[in-house]
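A structural walkthrough
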Amino acid sequence: MDEDKNVMTGSSDVDDVQNEKVKKDRHFVPKKQNAYRKKVCRLCARDAALPDYKNPEALKRWMTDRGKILPARITGTCAKHQRMVAEEIKKARNLALLPFDRK
């Protein structure tokens, strides 16, 4: 009865063996799951006080050691809060509370 099925479907034991060899020859590797977690905006997650230009120590979280503003993809802030943070950093720079650059 099994032979009748193979004849009807056109498959045979030889085809199955060849398919297994192809999978082994290609070094079949299953896809990996994403190894990272999506970053969540800290300002949206908890209704904390928004950053203020009068507190330069708090603004340093969103700056590099050279004084550049970190991008949202690194800090995980949403677009709305990234604009607010950038604006506050720029205000603090104009009032000489933060340096424009540190060379």
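The preceding data block contains the structure.
Since the model is a prediction, treat every value here as computed from it, not as a measurement.

About the cut-offs
Residues numbered from 1 in each chain as written. Predicted model: local features only at pLDDT ≥ 70, side-chain atom pairs only at ≥ 80, totals over all residues. Heavy atoms only, no water. Helix = DSSP H or I, 4+ residues; strand = E, 2+ residues; numbered from the N terminus. Buried < 20%, exposed > 50% of the residue type's maximum accessible area, 1.4 Å probe, protein only. Contact = heavy atoms within 4.5 Å. Polar contact = N/O pair within 3.5 Å; in protein donor to acceptor, adjacent residues only side chain to side chain. Disulfide = S-S within 2.5 Å.

**What about the overall build of the chain?**
- Across its full length, the chain carries 6 helices and 0 strands.
- When the helices and strands of the chain are read in sequence order from the N terminus, they spell out α-α-α-α-α-α.
- The burial tally for the chain puts 19% of its 103 residues in the buried class.
- Considering only contacts in the chain between residues 6 or more positions apart, those separated by 24 or more positions represent 58%.

**Concerning unusual backbone geometry**
- Phi is positive for Ala 96, which is not a glycine, with a value near 65°.
- By the secondary structure assignment, Ala 96 is in the segment after helix 6 (79-94).
- Judged by relative accessible area, Ala 96 falls into the exposed class, the value being 65%.

**Quick word on the side chain of Gln 82**
- On the secondary structure map, Gln 82 appears in helix 6.
- Residue classification places Gln 82 among the buried positions, given a relative accessible area of 14%.
- Looking at Gln 82, its side chain comes within polar contact range of the side chain of Thr 77, at 2.6 Å.
- Aside from chain neighbours lying at most four places away, what touches Gln 82 is Ile 69, Leu 70, Pro 71, Ala 72, Thr 75 and Thr 77.

**Focus: the state of the cysteines**
- As enumerated under the stated definition, the model contains 0 disulfides in all.
- A disulfide-free cysteine, Cys 44 has its sulfur positioned 3.6 Å from the sulfur of Cys 78, the nearest such atom.
- Residue Cys 44 is classed as partly exposed on the basis of its relative accessible area, which comes to 43%.
- The exposure class of Cys 78 is partly exposed, given its relative accessible area of 23%.

These figures capture arrangement, not role.
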